[in-house]
Amino acid sequence: MKGFWHDAAEFFPILMSGVALTIVVTIGSLLLSTALGLIWAMMRVSGIKALSMLSASLINVIRGIPIIVLLFYLYFVMPDLGVTLSALQAAILGLGIAYSAYQAENFRAGIEAIDKGQIEAAQSIGMGWWLTMRRVVLPQAVRIVLPPYGNVMIMMLKDSSQASTITVAELALQGKLIASSTFKNTNVFTLVALMYLTMSIPLILLVRHFEKRAGKR
Amino acid sequence: MIELNDIHKSFGKVEVLKGITASVEKGEVVCIVGPSGSGKSTILRCINGLESYDRGEISVEGLKVDRDAPSIVNIRTQVSMVFQRFNLFPHRTALENVIEGPLYVKKEPRAQALERGRALLAQVGLAEKADAHPPQLSGGQQQRVAIARALAMQPKAILFDEPTSALDPELVGDVLGVMRKLADDGMTMVVVTHEMGFARDVADRVLFIDGGVIVEQGPAKALLNQPQHPRTQDFLRRVLHPL
């Protein structure tokens, strides 16, 4: 145990630099997946067949490709096509795109859970599609969508570790580098696991808060 | 002001409206009565374009009702609707529900919309409930807020789709009272209802609809007191003396 704390103190600063990148990747891909997911969901419920079919097929393509393959594609294949991305850019883009499919389905479920009478009431006072979305549907859908959205945040935090496969030196990769140079596998990876857990706990509490609030209505 | 000419409408293979021709004059109160599933609500929903129709033509003040045309917004701001299940926006207060249309559709100045919104809530007897959210209100109160919301658009006519059917019996009177006052003030109203007393006392005309056609129509008192058609007679007997 004494050895663990000693190692922890020694490796902590290096691992913290990994934590910083983990947070950057998580937040970046969260924002991107949210924006893309909203766009896919809006296309899906737009009532315009071409848009809705395009969105449905996009979602299926994205869902059908493993995140790691998407990351390899962006980082190793795109340069052949003339688009060179930094590892960090590729990681955020890849995770953002991969998760946009889940976000879209979550948003769509929230939107479709809104009572049809709400939409009719909005139409009956002369609201168009976008105004109905903005003033009536989305504010109500947010409450429904938030708990699963919180879960996606937790999954993204953990899946940001996949960025290590394309050389982003986030927490998992830093841990692996330290472990392979010091052979202190147990201590290093225990520490890495604890650090992920520490970052997850506030998110888990946030989800619980969302769930309580959604249950109130 | 509202004209329906030979309206046909099918849901899938079921034809619910089989040629409805009717008109509503300015200031008139028309009640539509008939058994459930007869197409009463569908007629209302076609008038403000919540539903499309397959054949015939509906016009409001000479403007054709076409739910896919941009002009539908114009029609909806002139013809408000009150729903059976109120359909208030649960995330907004009573007052916010009322001013939503004036503020965001008609782009009225906020102060003006607020002032009129409060006056309308007072008119339906709910001045003190302005800041309550719909789930905190009784059904009757919610429906009166919904009527205020409809009035806030300063419509030329209001469509009522069974406005008291979802209410507990002791709350029906408050809502009918508000509607009666509107009628007295000269509002053009089309009311789908099972409240025969209201139809008899308040309506100018009654349409009896069954099986997607107008079976009989006429002045309210005459039609409800001395129905001519056997189906009307049978329906009224069953509604007025259910036991």
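About the thresholds
- Residues numbered from 1 in each chain as written.
- Chains lettered and ligands numbered in written order.
- Predicted model: local features only at pLDDT ≥ 70, side-chain atom pairs only at ≥ 80, totals over all residues.
- Heavy atoms only, no water.
- Helix = DSSP H or I, 4+ residues; strand = E, 2+ residues; numbered from the N terminus.
- Rg over C-alpha atoms; globule rule 2.2 N^0.38 Å.
- Buried < 20%, exposed > 50% of the residue type's maximum accessible area, 1.4 Å probe, protein only.
- Contact = heavy atoms within 4.5 Å.
- Lys, Arg positive; Asp, Glu negative; His and termini not counted.
- Charge placed at Lys NZ, Arg CZ, Asp CG, Glu CD.
- Areas by Shrake-Rupley, 256 points an atom, 1.4 Å probe, with all protein chains shown as cover.
- Pairing = 2+ DSSP bridges.
- Core = buried A, V, L, I, M, F, W, Y, C linked by side-chain atoms within 4.5 Å.
- Phe/Tyr/Trp six-rings, centres within 6.5 Å; stacked < 30°, edge-to-face > 60°.
- Lys NZ or Arg CZ within 6 Å of the ring centre and 35° of its normal.
- Buried area = accessible area lost by both parts, 1.4 Å probe.
- Salt bridge = Lys/Arg side-chain N within 4 Å of Asp/Glu carboxyl O.
- Polar contact = N/O pair within 3.5 Å; in protein donor to acceptor, adjacent residues only side chain to side chain.
- Nonpolar A, V, L, I, M, F, W, Y, C, P; charged D, E, K, R; others polar.

1. Overview of the overall build of chain B
- Across its full length, chain B carries nine helices and ten strands.
- Taken against the 2.2 N^0.38 rule, which gives 18 Å for 243 residues, the C-alpha radius of gyration of chain B at 18 Å falls within 12% of a compact globule.
- The buried share of chain B, taken over its 243 residues, is 56%.
- For chain B, restricting intrachain contacts to residue pairs at least 6 apart in sequence, the fraction spanning at least 24 positions comes to 64%.
- Taking the 29 positively charged and 30 negatively charged side chains of chain B as two groups, their mean positions are separated by 3 Å.

2. Topic: the overall build of chain A
- Each helix and strand counted, chain A has eight helices and zero strands in total.
- Overall, the C-alpha framework of chain A stretches about 70 × 50 × 20 Å when taken along its three principal axes.
- Across the 217 residues that make up chain A, the buried fraction comes to 47%.
- For chain A, the accessible surface area stands at approximately 10,900 Å², while carbon and sulfur atoms represent 70% of it.
- Distance between charge centroids for chain A: 9 Å, based on 17 positive and 10 negative side chains.

3. Thoughts on the sheet that holds strand 2 (residues 14-24) of chain B
Residue and element names in this part refer to chain B.
- Spatially, four strands are ordered 2-1-4-5 in an open sheet, and the strand pairing comes out antiparallel. Edge positions in the sheet fall to strand 2 and strand 5 (63-64), since each has one partner strand and no second.
- For strand 4 (residues 55-60) and strand 5, the ladder comprises two bridges, and the chain directions are antiparallel. Bridging across to strand 5, Ser-59 finds its partner in Lys-64.

4. Thoughts on the environment of Asn-74 of chain B
- Summarising the element assignment, Asn-74 of chain B is placed in helix 2 (residues 71-78).
- C-alpha of Asn-74 of chain B to C-alpha of Ile-32 of chain B: the two residues are 42 residues apart in sequence and 25 Å apart in space.

5. Side note on the pairing of strand 6 (residues 79-82) of chain B
Residues and elements named next belong to chain B.
- Every second residue of strand 6 is oriented toward a common face, with Val-79 and Met-81 on one face and Ser-80 and Val-82 on the other, all of them buried.
- Examined bridge by bridge, strand 6 and strand 7 (residues 157-161) share four bridges and lie parallel to one another. Looking across to strand 7, one finds that Ser-80 is bridged to Ile-158.

6. Observations concerning the environment of Met-195 of chain A
Residues and elements named next belong to chain A.
- Along the chain, Met-195 turns up in helix 8 (residues 185-216).
- The exposure class of Met-195 is buried, given its relative accessible area of 10%.
- Spatially, the C-alpha atom of Met-195 lies 40 Å from that of Met-133, the residues being 62 residues apart in sequence.
- Residues in contact with Met-195, not counting those within four places in the same chain, are Phe-12, Leu-15, Met-16, Val-19 and Leu-171.

7. Points about the nonpolar core
- Core analysis: the largest hydrophobic core is formed by 52 residues, its most contacted members being Leu-121, Ile-147, Phe-160, Met-179, Met-189 and Val-206 of chain B.
- Core analysis: the second largest hydrophobic core is formed by 43 residues, Leu-71, Ala-87, Val-152 and Met-156 of chain A among them.

8. Observations concerning the packing of aromatic side chains
- Under the counting rule described, the total for this entry stands at seven aromatic pairs over all chains.
- Taken together, Phe-72, Tyr-75 and Phe-76 of chain A form an aromatic cluster joined through their ring pairs.
- Stacked on the ring of Tyr-104 of chain B, the Lys or Arg Arg-135 of chain A has its end atom at 3.7 Å from the ring centre.

9. A few points about the interface of chain A and chain B
- In this assembly, 18 residues from chain A lie in contact with 23 residues from chain B.
- Summed over both partners, the interface of chain A with chain B comes to about 1,800 Å²; 54% of that surface belongs to carbon and sulfur atoms.
- By the criterion of area lost to chain B, the three top residues of chain A are Ser-124, Ile-125 and Arg-135 of chain A, representing 35% of everything that side buries.
- At the junction of chain A and chain B, the tally comes to two salt bridges.
- Ionic pairing is found between Arg-135 of chain A and Glu-100 of chain B, a salt bridge with its closest N-O pair at 2.6 Å.
- Here chain A is connected to chain B by seven residue pairs in polar contact (both at pLDDT 80 or more).
- Looking at the side of chain A that touches chain B, the elements that each hand over two or more residues are helix 5 (116-124) and helix 6 (129-159) of chain A.
- Looking at which element gives the most residues to the side of chain A that touches chain B, the answer is helix 5 of chain A, with seven residues.
- Grouping the amino acids of the side of chain A that touches chain B by side-chain chemistry returns seven nonpolar, six polar and five charged.

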